[in-house]
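Listed below are the residues making up each chain.
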Amino acid sequence: MLALQPEQSRAYPDRAHASPGRFGTDLPAPPSPIPAMAPGEKIKAKIKKNLPVTGPQAPTIKELMQWYCLTTNTHGCRRIVVSRGRLRRLLWILFTLTAVALIFWQCALLIISFYTVSVSIKVHFQKLDFPAVTICNINPYKYSAVRDLLADLEQETRGALKTLYGFSEINSRNRREAESWSSVWEGTRPKFLNVVPLLAFNEGETGKARDFLTGRKRKVSGSIIRQDSDVVTVHESKEMVGFQLCSNDTSKCAVYTFSSGVNAIQEWYKLHYMNIMAQVSLEKKINMSYTAEELLVTCFFDGVSCNARNFTLFHHPMYGNCYTFNNRQNETILSTSMGGSEYGLQVILHINEEEYNPFLVSSSGAKVIVHRQDEYPFIEDVGTEIETAMATSIGMHLTESFKLSEPYSQCTEDGSDVPIKNIYKAAYSLKICLHSCFQTKMVEKCGCAQYSQPLPPAANYCNYQQHPNWMYCYYQLHQAFVREELGCQSVCREACSFKEWTLTTSLAQWPSEVSEKWLLSVLTWDQGLQIKEKLNKTDLAKLLIFYKDLNQRSIMENPANSIEMLLSNFGGQLGLWMSCSIVCIIEIIEVFFIDSLSIIARQQWQKAKEWWARRQAPPCPEAPPSPQGQDNPVLNIDDDLPTFTSALRLPPAPGARVPGTPPPKYNTLRLERAFSNQLTDTQVPAES
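Per an unreviewed UniProt entry, the recorded name for the protein is Epithelial sodium channel subunit gamma, and the organism is Diceros bicornis minor. In its Catalytic activity (unreviewed entry) section, UniProt records this for the protein: "Na(+)(in) = Na(+)(out)". Here is the UniProt Subcellular location (unreviewed entry) comment for the protein, exactly as written: "Apical cell membrane".

Encoded structure:
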């Protein structure tokens, strides 16, 4: 009945203003008669007329689309209808159409892929790039070429050996009684022993040592550092040999001792050798070392003959002239399509042991290292030694590693973000960074560069003519580097991508006894020597380097949670718990951020305008305070509230006007039924 009140008042607007006949007003004429209908059907028809239009019952397509957009769960369509403003409505139309286009596109791709029946066959013949191979003779320079430079140093070394062990010649194998300390140095004034004195320590005497030069015992100050020996001695020696290094003012000294005299003599000789060679020009050192024709006798690669022109010169400070095969000559890298020793690199090396320096190296042969074309060959650290009179076979297996950079790891792509300058003309690696850091610290602390590493810009190699205490500074700095006190290990980082060749080495006697005669004669002829002076097998070494197979192992790091995975997880959670999509997210952003912020800003702006209007308005005169709640002066607010009986006894307030009771409005007291105008088919006949 309440729902029909508005319709009833609209159908009979003059009914509410009609008055009974006693006011002299006539009632309106009854409406025209309508067809007979049951009371229930008539009421049902009027109720249905006022209900909203639903779906297929809509009279037009426009109203049907409006109904769909208002009631659908598709948020984009709903926002098109309810959004206010043309810009917002246009944006929602674009979002919705874009989403629909993407859905059709993805579904079409899925259907096409599902019904595709074609089969693709891919044949791949794998080839592996052959690495760069650097070969060095263990002896850096020909002894005949450097003998004049090292004559004084050799003389003092032989004298020290004769003093300590009684050797009159270096090739003597019989130990004799040591000669008197002073008789060895008669007529000579050694300069190398004055700079770095050799000392002999008796067992139990740590504060005293016997000087090789004078033969007398003297006190030794400074810390004693014991170096590990690479020569294993079966019995414990009663004497230890070492040398003392001091700073410029000789206030700080350090004594380095060795359990074997071999290591002490070689280390002492090596220090002076680097000091001498640091003053020789690079061009002269290259001429004193071996040429490619002298080192390489024969060469084969992948079954094809090669020669010295396929090798590139690389000069190493401690190993002289080295030669690199497949060093990206003419911007080409050789590759191999088969595994096995027949498809690798085969070379025969001429070692020429007669030209070896007896004090600098104690073994004969060559060193080889496998590396990338843009990588520096650290032959002294990771090189593999090749024996003479042997055939050395090295099988390779390639492993490529790819690491993820930050934030997954601390690796670097090319070393540009590492605060250490690369002094090597090669690609970045962790070893290059560590050596560059040490060489930089060497220049900063000692004022010169260490000889076995590349020379930094605007720096010179160390020699004790210009830097008298560089040896002491170098050893102290090296000890700090080993203890990780220089900070190089914490600054340098590993490269994110690198190649590593796992090597498997096997040896065989070469040449055999039955083939030695003719093989050495042919090789001698190939070298252009006389047959009478044929090569000795101890001067030759055979090297084979090849891939064991073409199976390349790649180690790649992939993020466990990618952007696609993150979006998929978000979409799954939102769809599972809130039935949301990307359009729903845009709608939430619009309502809770854009609309909410605009409403808050509008409210704050309105408050600011009201505050400004109140501030600009002229002040009103203050009215005298009137007692509130005390219209009757007889009533005291501090007393108890009056009761009904006491309130009747109170005198009226002076000057107060008592309001009178208005006359009643009789028209409002009339009773009317909900349907004041009865339907024609439900009217009761009047009584006669």
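Caption draft 1: Just the packing of helix H10 (residues 261–277) against helix H15 (residues 470–482), in detail. The interhelical angle for the contact between H10 and H15, taken along N-to-C directions, is 120 degrees, at an axis separation of 12 Å. In this structure, the crossing between H10 and H15 has a hand that is right-handed. On the side of H10, the interface is formed by Glu267, Leu271, His272, Met274 and Asn275, while H15 contributes Trp470, Met471 and Tyr475. Class assignment of the residues belonging to the contact of H10 with H15 gives a composition of five nonpolar, two polar and one charged.

Caption draft 2: Expanded view of the packing of aromatic side chains. Taken as a whole and judged by the stated rule, the model has 20 aromatic pairs. Here Phe243 and Tyr475 contribute two aromatic rings whose centre-to-centre distance is 6.1 Å and whose plane-to-plane angle is 75 degrees, an arrangement assigned as edge-to-face. Taken as a pair, Phe243 in strand E7 (residues 239–246) and Tyr475 in helix H15 lie far apart in primary sequence, 232 residues in all. Tyr475 carries the same exposure label as Phe243, and that label is buried. A centroid spacing of 5.3 Å and a plane angle of 45 degrees characterise the contact between Phe311 and Phe325, whose relative ring orientation is tilted. Placement of the pair is Phe311 in strand E11 (residues 311–316) and Phe325 in strand E12 (residues 320–325), with a sequence separation of 14 residues. Comparing Phe311 with Phe325 shows no difference in burial state: the two are buried. Taken together, the aromatic side chains of Phe243, Tyr256, Phe258, Phe438, Trp470, Tyr474, Tyr475 and Phe481 make up a single cluster linked through ring pairs.

Caption draft 3: Spotlight on the pairing of strand E4 (residues 208–211). Of the pairings in the sheet, the one linking strand E3 (residues 198–202) to E4 comprises two bridges and is antiparallel in character. Bridging from a neighbouring strand, Ala200 pairs with Arg210 of E4. Across three bridges, the pairing between E4 and strand E5 (residues 217–219) is antiparallel. If you follow Lys208 over to E5, its bridge partner there is Lys219.

Caption draft 4: Highlighting the pattern of salt bridges. Under the counting rule described, the total for this entry stands at eight salt bridges. The shortest N-O distance in the salt bridge between Glu294 and Lys142 comes to 3.6 Å. A residue pair is termed long-range when its members are at least 10 positions apart, and Glu294 in helix H12 (residues 292–295) and Lys142 in the loop between strand E2 (132–137) and helix H6 (143–146) qualify at 152 residues. Under the relative-accessibility criterion, Glu294 is labelled partly exposed at 30%. Taking relative accessible area as the criterion, Lys142 reaches 17% and is therefore assigned buried. Arg372 serves as the salt-bridge partner of Asp374, at 3.5 Å between the closest nitrogen and oxygen. Connected through salt bridges with shared partners, the residues Glu406, Asp417 and Arg493 form a single ionic network.

Caption draft 5: Inspection of the sheet that holds strand E15 (residues 366–371) at higher detail. With respect to topology, five strands assemble into an open sheet ordered E11-E12-E2-E15-E16, the strand pairing being antiparallel. What marks the edges here is a single partner per strand, and that holds for E11 and strand E16 (384–386). Between one strand axis and the next, the sheet turns through 30 degrees on average, direction left out of account. Bridge count for E2 against E15 is six bridges, and the pairing is antiparallel. Across the sheet, the residue bridging to Ile135 is Val368, located in E15.

Caption draft 6: Representation of the side chain of Glu156 in the model. Assignment of secondary structure puts Glu156 in helix H7 (residues 151–165). Look at Glu156 and you get buried, because its relative accessible area is 5%. A polar side-chain atom of Glu156 sits 3.2 Å from the main-chain amide nitrogen of Phe192.

Caption draft 7: Molecular detail of H7. Compared with an ideal rise of 1.5 Å per residue, which puts 15 residues at 21 Å, H7 spans 21 Å between its outermost C-alpha atoms and is within 8% of the ideal. Buried within H7 we find Leu153, Glu154, Glu156, Thr157, Gly159, Ala160, Leu161, Thr163, Leu164 and Tyr165.

Caption draft 8: Representation of the pairing of strand E17 (residues 390–402) in the model. Taking burial as the measure, the 13 residues of E17 include 11 buried ones, the bulk of the element. As paired strands, E17 and strand E18 (residues 497–509) are joined by 13 bridges and run antiparallel to one another. Directly across from Ser401, in E18, lies its bridge partner Phe498. Alignment of E17 against strand E19 (residues 540–547), held across six bridges, turns out to be parallel. Paired with Gly395 across the bridge in E19 is Phe546.

Caption draft 9: Main features of the packing of helix H14 (residues 430–446) against H15. Packing of H14 against H15 brings their axes to within 10 Å, and their N-to-C directions diverge by 140 degrees. Here H14 lies oblique to H15, going by the angle between them. Relative to H15, the crossing made by H14 is right-handed. Contacts between H14 and H15 involve Leu434, Phe438, Lys441, Met442, Lys445 and Cys446 from the first element and Trp470, Cys473, Tyr474, Leu477, His478 and Phe481 from the second. Broken down by class, the residue content of the contact of H14 with H15 amounts to nine nonpolar, one polar and two charged.

Caption draft 10: Examining the confidence of the model for the protein more closely. Of all residues in the protein, 68% have pLDDT values of 70 or greater, and the mean over the chain is 77. Within the protein, helix H1 (residues 5–11) has the poorest average pLDDT of any element, 40, and E2 the best, 96. Within the model, pLDDT remains below 50 along residues 228–237, and this stretch shows eight contacts once partners closer than five positions in the same chain are excluded.

Conventions adopted
Residues numbered from 1 in each chain as written. Predicted model: local features only at pLDDT ≥ 70, side-chain atom pairs only at ≥ 80, totals over all residues. Heavy atoms only, no water. UniProt positions renumbered as here; feature names shortened; annotations may be inferred. Axes fitted to C-alpha atoms, helices over the stretch in contact; angles between N-to-C directions. Helix = DSSP H or I, 4+ residues; strand = E, 2+ residues; numbered from the N terminus. Left-handed = near helix turned anticlockwise from the far one by under 90°. Contact = heavy atoms within 4.5 Å. Nonpolar A, V, L, I, M, F, W, Y, C, P; charged D, E, K, R; others polar. Phe/Tyr/Trp six-rings, centres within 6.5 Å; stacked < 30°, edge-to-face > 60°. Buried < 20%, exposed > 50% of the residue type's maximum accessible area, 1.4 Å probe, protein only. Pairing = 2+ DSSP bridges. Salt bridge = Lys/Arg side-chain N within 4 Å of Asp/Glu carboxyl O. Polar contact = N/O pair within 3.5 Å; in protein donor to acceptor, adjacent residues only side chain to side chain. Expected span 1.5 Å × (residues − 1). Parallel < 35°, antiparallel > 145°, perpendicular 65-115°, else oblique. pLDDT = per-residue confidence, 0-100.

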